Amino acid sequence: MRKPIIGANWKMYRGVPSEAEEILRELVPKVIDIKNVDIVIAPPYTSIIKTIELIKNTSIKVGAQNMYYEEKGAFTGEISPLFLKKIGCEYVILGHSERRNIFNETDELINKKVKKALEIDLTPIVCIGEHLDERENGKTKGVIEKQFEMTFDGLNQEDMIKLIIAYEPIWAIGTGKTATPEQAEEIHMFIRKIIEDKYNKDTAERVRIQYGGSIKPSNARELFSKANIDGGLVGGASLQAESLYQIIKSAENY
Ligand code: PEP
């Protein structure tokens, strides 16, 4: 039985500590008794420490939205995974489509980051997903398979079980267009089949695969009710305590 996991990707919002505080003061008491859903908040770097302070003594975890694959050095503007780990981050989002498409991150770079995160015990939430034209041209599965091969190259079974996969169709991110539960489930099943073929059935059954792309309180329950969807990565709707809470509640009984 896989425990659902909800990630809140705040993107480049709520980066001033007082802005993070505003949402967390409302959210934390609402979710404090929720035990059967893992909750990860991923704020901008500038409000990570404040977030860690505000979720202390709760089961909520904190993640970063990116990292570099080196621990230290002359890498101006980059963020070290070790710094994140040392201040109390436990998760890191890697390969988000905004990183891939706006900042030209490649599968090879993401693969290095995934390996580094696993090495220092930061749990990577690794995003994969297709563009709209790829879906319209029937290429979705081929794209997913290639991203999987390259992004997870060299990982063993233990590594796979530790990480989280986020299936995020790019055409659904921040657009208000959500994949239907059936469309999402089909690709989640497909990803699980890739894992089974590459590793084994037990590994495939254990890896958590989130859906991401315009999740809202109104569509969350139906998505999470699907057998292969283990919660979600939420952007826009995670910026308000009430909508994030509703989405977390929707994952509670699956
Ligand atoms: C995301 O940023 O990962 C995301 C899914 O965003 P949104 O929920 O706004 O589509």
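For the structure itself, look to the data block above.
Residues numbered from 1 in each chain as written. Predicted model: local features only at pLDDT ≥ 70, side-chain atom pairs only at ≥ 80, totals over all residues. Heavy atoms only, no water.

1. Focus: the site of the ligand
Now for step 1: Lining the immediate environment of the ligand, one finds 14 residues, of which Lys11, Glu168, Gly174, Ser214 and Gly236 sit closest.
Now for step 2: Note that an oxygen atom of the ligand is positioned 2.8 Å from one of the side-chain N or O atoms of Glu168.
Now for step 3: Here an oxygen atom of the ligand sits 2.8 Å away from a polar atom, N or O, in the main chain of Gly235.
Now for step 4: In isolation the ligand offers 290 Å² of accessible surface; the protein chains occlude 96% of this area.
Now for step 5: Among the residues forming the shell around the ligand, the class breakdown is four nonpolar, eight polar and two charged. (Near = heavy atom within 4 Å. Polar contact = N/O pair within 3.5 Å; in protein donor to acceptor, adjacent residues only side chain to side chain. Areas by Shrake-Rupley, 256 points an atom, 1.4 Å probe, with all protein chains shown as cover. Nonpolar A, V, L, I, M, F, W, Y, C, P; charged D, E, K, R; others polar.)

2. Description of the state of the cysteines
Now for step 1: Counted under the stated rule, the structure contains zero disulfides.
Now for step 2: The thiol of Cys89 is unpaired, and the distance to the nearest cysteine sulfur, on Cys127, comes to 16 Å.
Now for step 3: With a relative accessible area of 2%, Cys127 lands in the buried category. (Disulfide = S-S within 2.5 Å. Buried < 20%, exposed > 50% of the residue type's maximum accessible area, 1.4 Å probe, protein only.)

3. Things to note about the environment of Lys11
Now for step 1: Locating Lys11 in the fold gives a position in the loop between strand E1 (5-9) and helix H1 (17-31).
Now for step 2: Residues Lys11 and Tyr167, 156 residues apart in the sequence, show an inter-C-alpha distance of 17 Å.
Now for step 3: Not counting chain neighbours up to four residues away, the residues in contact with Lys11 comprise Ala42, Pro44, Gln65, His96, Glu98, Ile173 and Gly235. (Helix = DSSP H or I, 4+ residues; strand = E, 2+ residues; numbered from the N terminus. Contact = heavy atoms within 4.5 Å.)

4. Remarks on the packing of helix H11 (residues 217-224) against helix H12 (residues 241-250)
Now for step 1: Contact geometry of H11 with H12 gives a least axis separation of 8 Å together with a crossing angle of 20°. Judged on the interaxial angle alone, H12 and H11 are roughly parallel. At the point where H11 passes H12, the crossing takes the right-handed sense. From H11, Pro217, Ala220, Arg221 and Phe224 reach across to H12, where they touch Ser243, Gln246, Ile247, Lys249 and Ser250.
Now for step 2: Looking at the contact of H11 with H12 residue by residue, the class counts come to four nonpolar, three polar and two charged. (Axes fitted to C-alpha atoms, helices over the stretch in contact; angles between N-to-C directions. Parallel < 35°, antiparallel > 145°, perpendicular 65-115°, else oblique. Left-handed = near helix turned anticlockwise from the far one by under 90°.)

5. Brief notes about the pattern of salt bridges
Now for step 1: According to the stated counting rule, one finds 24 salt bridges in the structure shown.
Now for step 2: One salt bridge connects Glu90 with Lys61, and the closest N-O pair in it is separated by 3.7 Å. Here Glu90 is found in the loop between helix H3 (81-87) and strand E4 (91-94), whereas its partner Lys61 is found in strand E3 (residues 61-64), with 29 residues between them in sequence.
Now for step 3: Residue classification places Glu90 among the partly exposed residues on the basis of a relative accessible area of 35%.
Now for step 4: Taking relative accessible area as the criterion, Lys61 reaches 28% and is therefore assigned partly exposed.
Now for step 5: Among the charged side chains, a network of salt bridges with common partners joins Arg2, Arg192, Glu205 and Asp230. (Salt bridge = Lys/Arg side-chain N within 4 Å of Asp/Glu carboxyl O.)

6. Quick notes on the side chain of Asn228
Now for step 1: One can find Asn228 in the loop between H11 and strand E8 (231-234).
Now for step 2: If sequence neighbours within four positions are ignored, Asn228 has contacts with Arg2, Glu185, His188, Met189, Arg192 and Ile209.

7. Details of the layout of surface pockets
Now for step 1: Taken as a whole, the largest pocket holds about 500 Å³ of empty space.
Now for step 2: Every residue lining the largest pocket is counted, 17 residues in all, and those nearest its centre are Lys11, Met12, Gln65, Arg99 and Phe103.
Now for step 3: In terms of residue count, the dominant contributor to the lining of the largest pocket is helix H4 (residues 97-102) (three residues).
Now for step 4: Taken together, the residues of the lining of the largest pocket sort by class into seven nonpolar, six polar and four charged. (1 Å grid on protein atoms, 1.4 Å probe; cavity = no way out; pocket = protein on both sides within 12 Å on 5 of 7 lines; lining within 4 Å. Points joined across faces, edges and corners; volume = space filled by probe spheres on them.)

8. A short note on the nonpolar core
Now for step 1: Counting residues in hydrophobic clusters, the biggest one holds 69 residues, and the most contacted among them are Leu24, Ile165 and Ile191.
Now for step 2: Filtering out sequence-adjacent residues up to four positions away, Ile191 remains in contact with Ile128, Ile144, Phe148, Ile165, Tyr167 and Ile209.
Now for step 3: Counting residues in each nonpolar core, the second largest holds ten residues, with Val40, Tyr91, Ile93 and Cys127 among its members. (Core = buried A, V, L, I, M, F, W, Y, C linked by side-chain atoms within 4.5 Å.)

9. Thoughts on empty space enclosed by the protein
Now for step 1: What the rule picks out here adds up to one cavity of 30 Å³ or more.
Now for step 2: Taken as a whole, the largest cavity holds about 50 Å³ of empty space.
Now for step 3: Taken together, Gly95, His96, Ser97, Arg100, Cys127, Ile128, Gly129, Gln147, Glu168 and Ile170 make up the full set of residues lining the largest cavity.
Now for step 4: Looking at the lining of the largest cavity, the elements with two or more residues in it are H4 and strand E5 (123-128).

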